[in-house]
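Coordinates in review
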Amino acid sequence: MTQKLIIIGAGMASGRALEQLLEADPNAYDVTLFNAEPRGNYNRIMLSPVLSGEKTYDEIVTHSAEWYEANGVTCRFGERVANVDRARKVVVAENGDELPYDKLLFGTGSNPFIIPMPGHDLEGVIAYRDLEDTELMMSMNDSNKVVVIGGGLLGLEAAAGMAARGVDVTVVHIMGHLMERQLDEAAGYLLRKALVDKGITVRCQANSKQILGENGKVRALQLDDGTELPCDLLVMAVGIRPNVKLAQDVGLAVGKGIHVDDQMLTSDADILAVGECVEHDGAIFGLVAPLYDQAKVAAQTLLNEHATFVQKEISTKLKVTGCDLFSAGDFAEGEDREDIVFRDPARGVYRRLVLKDNKIIGAVMYGDTADSNWFFGMIKDGTDIADMRETLIFGPAYQGGTPMDPLAAVAALPDDAEICGCNGISKGQIVAAINAGANTLDAVKATSKAGSSCGSCVGLVTQVLGITLGDEFKMPEKETVCKCTDQSHDDVRKLIIAKQLKSIPQIMQELDWNSPGGCHVCRPALNYYLVCAWPGEEVDDGKSRFINERVHANIQKDGTYSVVPRMLGGITTPNELRAIADAADKFNVPTVKVTGGQRIDLLGVKKEDLPAIWYDLGEAGMMSGQAYAKGLRTVKTCVGTDHCRFGTQDSTGLGIKIESEMWGAWSPHKFKLAVTGCPRNCAEATCKDLGIICVDSGYQILVGGAAGLDLLEAELLITVKTEQEAIDVSCAFYQLYREGAQYLHRPYKWIAKVGLDWVKEQVADDLENRAALAERFRYSQQFYQVDPWAERARKGVDAHEFTPLADFTKVAAE
Amino acid sequence: MTDFIDIGHITDIPVQGARLVRTQRGDIAVFRTASGNFYAVDEYLEDKAGPLSNGIQHGEMVTDPMRNWVFDLATGEAQGADEGRVATYDLKIAEGRILLATAAIANQVAAE
Ligand SMILES: Cc1cc2nc3c(=O)[nH]c(=O)nc-3n(C[C@H](O)[C@H](O)[C@H](O)COP(=O)(O)OP(=O)(O)OC[C@H]3O[C@@H](n4cnc5c(N)ncnc54)[C@H](O)[C@@H]3O)c2cc1C
């Protein structure tokens, strides 16, 4: 007699098992198929093309009514299996029907996870799993707004599908970049850019707080920073959970999923399970490739043949037109691993291979995935790649060919991109000069003027020579920012402006960084360059700053911090001193020291106490002295005409004015000033980055002094008559240094490179340029003159920096 | 079986950032990397490095703020020419929560 097989769930896995079974032996079983969805098996992964309008539902049906009939399968669609009586071997349908079985196959798939936040049960809050969800999304049009929570595969396919219908879509993603499980930050950046180009709004690191409704229907999503994102539909695509309810109820062994062995048998020898509902060897599944392998094994087991399910590497692609990405294997960095990174900024291509023991163990690709199968094959086979290591990243077509061009970033610049800022020379003009016969750097300087002033663009000019002349021109060695790049500091700074680069991942992609995410050397430098280039735009990345600048205090060797409030021009009041004394008492400050910059240092403050001590100091009107910053530090002064019989001008007053204008500014390195009232120089202005000596006739402004590892006397930049001129020249000089110097160079180092004469031309002789520099400085200051202590002590900014995540010391003490 | 204890939500640690967990036997730094991985390592390597939670986090590494040693967060090993290893602890993520192996705070368990 034919045995009876009952299948629970007409999904992709059970559907494939059924096909395999019927193909091998159409008469082995009498099959009954239950499905909770009111339809047979369709290709669930193609719901996305249906949503975007690239396919119709009919095109994705895998088994039609005719197919089931021809194969003698009894269909009970729209009916859920309510129970299984394993002792009697009968299945109980929702309507109470009892059906006996010899073998039972679970293919119940999984349930989308719905975050149980307030409002999750409102009408219009859906997941993305089945045709009903898809149809609801398809009912949206260009007058609707939709929020998608989850920037993974499903969320992005949902977002792109609706965006293709003109819907205004916002993706809210909790992690730092999209598809973080499959992509690294660099590829995530490219993906985000492509989605933004499609009109999708992407918010990363955004934590959803609650869903707001009106008359029982969704109205908006509220984030935990209070932002409200209005929406007519909210799609939650935040993960799936194996659907194990029924299996659990009937007493099968269940962990995360229904436990199965290598033959896909559950803890009951007459019951098998396949698909997303199973757990095999600790793993659960979310992509179809392994499910098809399971289906094949299940069919063979049902036919009493021996087969074994083996887990294999899986790969991911995103089904969004125009976003070509591929990810497979393991791509975390590690000591025993090596990365090969290839970027083609012009084409928006990123490829990264992770190698271990001469084998590829992971691959991430964006923009050009044509070779993904070749790489994936090598991951699965564990191919030894030692022989092709050099050219591996270029794919199969290039084996034995030549590697890519390191000059790609400059090659991709348009002709009108400005290369030499001093003389206003574009790339096109330099190319013209080269084509007219200037085939050395000196010749280009002489004929086009490019690179002939401050010299900071010679790196780029040289690259243009290299691109234009090809092999004829030998590229000189240059000092690069770090081992992550072939570019120098100067080149990077210029390219940030020329290519309008506004984030660290963007710089790394466009300038062809050879590490996936940079290192502790390049990241702080890039962060400063962004902060300087784009004031007022949200480019500052705290995580790329050194600890002192991140927590606005100086770390000491024992891990405590020092706190230095600002005292403009070195002037304080009894009230301020009292507040400092009180704070020192209250927070048990072990050392109170007067600094060389004419202010007071509270040393040995615990990190957790920083916001509280800042709060107290703030109450007395004090703000951060930024004694930790690569930025403006102090303006040291003497008492000047107010008290001193030798004083020629109000040096204290001028110092206060300058410090008031300059505090808060970031620069390549720290910047210290002094204003002294007469040539006796009590404020030691002659060894400062900028020093002003007051004389009867006006103000001498000296620059480039040093009194640290190097000892250098500051040199005269200019003598001016009025206080206002002195302030303007100071601001202009500071801005010139901020814009031009390489990160971690003090002014004297920068001046040694560009020449004092050039600096004089810029700020002393060229009055228009002086005004423009001062103007740019003041513009930037609007955004950076924010007391970081007040923000942290009063507004809770970066609170995570100051409190432990958890404290188990107290628990134990109880 | 390893036991785990809930120490917070994943968003309590910023991407490429770290937070401290204080225990009876010393501080532990818990990191969150750009690739979404989490690691727990000792905050200090005695006389050599730390406080690591204050370092710059890049790739799956952290650079010590004091002497610029670079540590692999997965293995705890110092990279390059520097020699030393910080202890690492088991940690897992479930439903958005960060769970740290109770072994990491072992003394306290023993004291009970
Ligand atoms: C929009 C979308 C896009 C995707 N894209 C991809 C992709 O590009 N690549 C990829 O590999 N994977 C993709 N997936 C995942 C893939 O679709 C799943 O891995 C696959 O469908 C799982 O198959 P399954 O048979 O285990 O479960 P399902 O296909 O979910 O089938 C389970 C069925 O069981 C039914 N059921 C549950 N309980 C009962 C019960 N008690 N009684 C009766 N019936 C019941 C359910 O109604 C359901 O129809 C995508 C998924 C979605 C939703």
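The name given to chain B in an unreviewed UniProt entry is Assimilatory nitrite reductase (NAD(P)H) small subunit, and the organism recorded there is Yoonia tamlensis.

By the naming in an unreviewed UniProt entry, chain A goes by Assimilatory nitrite reductase (NAD(P)H) large subunit and is assigned to Yoonia tamlensis. Recorded in UniProt under Sequence similarities (unreviewed entry), the annotation for chain A is "Belongs to the nitrite and sulfite reductase 4Fe-4S domain family." Under Pathway (unreviewed entry), UniProt gives the following word-for-word description of chain A: "Nitrogen metabolism; nitrate reduction (assimilation)."

**A word on the overall build of chain B**
Looking only at helices and strands, chain B has one helix and 10 strands in total. Reading the secondary structure of chain B in the N-to-C direction produces β-β-β-β-β-β-β-β-β-β-α. Compactness check: chain B gives a C-alpha radius of gyration of 13 Å against a globular reference of 13 Å for 112 residues, within 12% of the reference. Seen through its C-alpha atoms, chain B measures out along the principal axes to roughly 40 × 30 × 20 Å. Across the 112 residues of chain B, 59% fall into the buried class. For chain B, contacts bridging at least 24 residues in sequence account for 38% of all contacts bridging at least 6. As presented, chain B carries roughly 4500 Å² of accessible surface, and 45% of it is formed by carbon and sulfur atoms. Once the 9 positive and 17 negative side-chain charges of chain B are each reduced to a mean point, those two points are 3 Å apart.

**A short note on the overall build of chain A**
When helices and strands are tallied, chain A shows 28 helices and 39 strands. Along the longest, intermediate and shortest principal axes, the C-alpha atoms of chain A span 120 × 75 × 50 Å. Here chain A holds 814 residues, and 55% of them are scored as buried. Sequence-distant contacts, at least 24 apart, represent 62% of the contacts inside chain A between residues at least 6 apart. Approximately 34100 Å² of chain A is accessible, and the part contributed by carbon and sulfur atoms is 48%. Mean positive and mean negative side-chain charge positions of chain A (82 and 114 charges, respectively) differ by 5 Å.

**What to know about empty space enclosed by the protein**
Residue and element names in this part refer to chain A. Taken as a whole, this structure holds five cavities of 30 Å³ or more when the rule is applied. For the second largest cavity, the full set of lining residues is Pro-524, Asn-527, Tyr-528, Ser-544, Arg-545, Phe-546, Glu-549, Lys-630, Trp-666, Ser-667 and Tyr-743. If one sorts the elements of the lining of the second largest cavity by residue count, helix H17 (residues 522-533) sits on top with three residues. The residue inventory of the lining of the second largest cavity, partitioned by class, reads five nonpolar, three polar and three charged. Per-domain counts for the lining of the second largest cavity show at least three residues from each of domain 3 (489-545) and domain 5 (644-784).

**Overview of the sheet that holds strand E9 (residues 91-94) of chain B**
Residue and element names in this part refer to chain B. Taken together, three strands build an open sheet; the order of strands is E1-E10-E9 and the sheet is antiparallel. Edge positions in the sheet fall to strand E1 (4-9) and E9, since each has one partner strand and no second. The sheet shows a mean angle of 30 degrees between the axes of neighbouring strands, direction not considered.

**Describing the UniProt feature "domain: BFD-like [2Fe-2S]-binding" (unreviewed entry) in chain A**
Residues and elements named next belong to chain A. Under the UniProt annotation, "domain: BFD-like [2Fe-2S]-binding" (unreviewed entry) lies at residues 419-465 and 481-530. As annotated, residues 419-465 has a helix share of 53% and a strand share of 9%, and its two end C-alpha atoms lie 12 Å apart. Between the end C-alpha atoms of residues 481-530 there is a gap of 15 Å, over a span that is 52% helix and 0% strand.

**Remarks on the site of the ligand**
All names here are of chain A. Taken together, 29 residues surround the ligand, and among them Ala-13, Arg-129, Glu-276, Val-288 and Lys-319 come closest. In the environment of the ligand, an oxygen atom lies 3.0 Å from a nitrogen or oxygen atom belonging to the backbone of Met-12. The side chain of Arg-44 places a nitrogen or oxygen atom 3.0 Å from an oxygen atom of the ligand. When contributions to the shell around the ligand are tallied by element, the ones reaching two or more residues are helix H1 (12-24), helix H6 (153-164) and helix H9 (288-302).

**Examining the packing of helix H12 (residues 427-435) of chain A against helix H13 (residues 441-448) of chain A**
Residue and element names in this part refer to chain A. Across the interface, H12 lies against H13 with an axial gap of 10 Å and an inter-helix angle of 115 degrees. Classed by the angle they form, the pair H12 and H13 counts as roughly perpendicular. Our pair here, H12 against H13, has a crossing hand that is right-handed. Contacts from Ile-430, Ala-433 and Ile-434 of H12 reach H13 at Val-444, Thr-447 and Ser-448. Tallied by class, the residues present in the contact of H12 with H13 amount to four nonpolar, two polar and no charged.

**Observations concerning unusual backbone geometry**
Note that the residue after Gly50(B), namely Pro51(B), is joined by a cis bond; omega there is 0 degrees. Mapped onto the elements of the fold, Pro51(B) is located in the loop between strand E4 (38-42) and strand E5 (56-58). Phi at Asn215(A) is positive, roughly 50 degrees, even though this residue is not glycine. Along the chain, Asn215(A) turns up in the loop between strand E13 (208-214) and strand E14 (217-223). Notably, Asp357(A) is not glycine yet its phi reads approximately 50 degrees, a positive angle. Checked against the element boundaries, Asp357(A) lands in the loop between strand E24 (349-356) and strand E25 (359-366). On the basis of relative accessibility, which here comes to 62%, the residue Asp357(A) falls in the exposed class.

**A look at the domain arrangement of chain A**
Residues and elements named next belong to chain A. Its domain assignment divides chain A into domain 1 (3-110 + 242-302), domain 2 (125-238), domain 3 (489-545), domain 4 (548-629) and domain 5 (644-784). Using only C-alpha atoms to locate each centre, domain 4 and domain 5 end up separated by 26 Å. Contacts between the two partners involve 11 residues from domain 4, matched on the other side by eight residues from domain 5. For the domain 4 and domain 5 pair, buried surface summed over both sides reaches about 860 Å², with 65% attributable to carbon and sulfur atoms. In this assembly, domain 4 and domain 5 are joined by one salt bridge. Where Glu-659 meets Arg-566, a salt bridge forms, and the shortest distance between an N and an O atom there is 2.7 Å. When its residues are assigned to classes, the side of domain 4 that touches domain 5 shows five nonpolar, three polar and three charged.

Scoring rules and cut-offs
Residues numbered from 1 in each chain as written. Chains lettered and ligands numbered in written order. Predicted model: local features only at pLDDT ≥ 70, side-chain atom pairs only at ≥ 80, totals over all residues. Heavy atoms only, no water. UniProt positions renumbered as here; feature names shortened; annotations may be inferred. Helix = DSSP H or I, 4+ residues; strand = E, 2+ residues; numbered from the N terminus. Rg over C-alpha atoms; globule rule 2.2 N^0.38 Å. Buried < 20%, exposed > 50% of the residue type's maximum accessible area, 1.4 Å probe, protein only. Contact = heavy atoms within 4.5 Å. Areas by Shrake-Rupley, 256 points an atom, 1.4 Å probe, with all protein chains shown as cover. Lys, Arg positive; Asp, Glu negative; His and termini not counted. Charge placed at Lys NZ, Arg CZ, Asp CG, Glu CD. 1 Å grid on protein atoms, 1.4 Å probe; cavity = no way out; pocket = protein on both sides within 12 Å on 5 of 7 lines; lining within 4 Å. Points joined across faces, edges and corners; volume = space filled by probe spheres on them. Nonpolar A, V, L, I, M, F, W, Y, C, P; charged D, E, K, R; others polar. Domains from an automatic or database assignment. Pairing = 2+ DSSP bridges. Axes fitted to C-alpha atoms, helices over the stretch in contact; angles between N-to-C directions. Near = heavy atom within 4 Å. Polar contact = N/O pair within 3.5 Å; in protein donor to acceptor, adjacent residues only side chain to side chain. Parallel < 35°, antiparallel > 145°, perpendicular 65-115°, else oblique. Left-handed = near helix turned anticlockwise from the far one by under 90°. Buried area = accessible area lost by both parts, 1.4 Å probe. Salt bridge = Lys/Arg side-chain N within 4 Å of Asp/Glu carboxyl O.

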